[in-house]
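Residue-level listing of the chains:
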Amino acid sequence: MAMVFALSSLSKPPEPPGGLSYYHVHIAVYMGLGALTTRAAAKGLQHVSLTAVFVAIAISTLYGVTDEYHQLFVPGRTFDVWDMAADAFGSVLGAGAMLAWSIIMRRF
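Residues numbered from 1 in each chain as written. Predicted model: local features only at pLDDT ≥ 70, side-chain atom pairs only at ≥ 80, totals over all residues. Heavy atoms only, no water.

This part covers unusual backbone geometry. Not every positive phi belongs to a glycine, and Lys43 is a case in point at roughly 55°. You can see Lys43 is positioned in the loop between α2 (22-42) and α3 (50-71). (Helix = DSSP H or I, 4+ residues; strand = E, 2+ residues; numbered from the N terminus.)

In structure tokens:
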């Protein structure tokens with residue numbers, strides 16, 4: 001989360017590599033945050049529950065909302081609803097991936 005806060009504090013963040021948009025970056029970063037938050041909520045990856053997934057999605061998405069609010073106070077940055085949507089989407093993908101991984105690992 002410190003990396004997200006640091007990047008959102010920059011008036012002019014670095015351009016995304018390879019022709020990607022900032023929305024792609026939001027999705028990727030929040031996928032990571034969603035995955036890590038799921039791991040924390042589930043206390044590992046052995047038995048990820050739907051409750052842990054929903055808690056992780058809520059926490060990660062709420063952090064995205066607070067991050068957008070924080071940008072209101074950074075010169076040159078704005079509050080963007082589409083950024084929040086990308087954050088939420090990334091959180092769902094990351095948490096869902098951890099749930100899928102947990103299910104796969106239980107079968108082996």
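Moving on, there is more to tell.
Let us now look at the packing of α2 against helix α4 (residues 81-107). With their axes 6 Å apart at the nearest point, α2 and α4 run at an angle of 40° to one another. Here α2 lies oblique to α4, going by the angle between them. For the element pair α2 and α4, the recorded crossing hand is right-handed. Across the interface between the two elements, Tyr23, His26, Ile27, Tyr30, Met31, Gly34, Ala35 and Thr38 from α2 touch Trp82, Asp83, Ala86, Asp87, Phe89, Gly90, Ser91, Leu93, Gly94, Ala95 and Met98 from α4. For the contact of α2 with α4, a count of residues per class yields 11 nonpolar, 6 polar and 2 charged. (Axes fitted to C-alpha atoms, helices over the stretch in contact; angles between N-to-C directions. Parallel < 35°, antiparallel > 145°, perpendicular 65-115°, else oblique. Left-handed = near helix turned anticlockwise from the far one by under 90°. Contact = heavy atoms within 4.5 Å. Nonpolar A, V, L, I, M, F, W, Y, C, P; charged D, E, K, R; others polar.)

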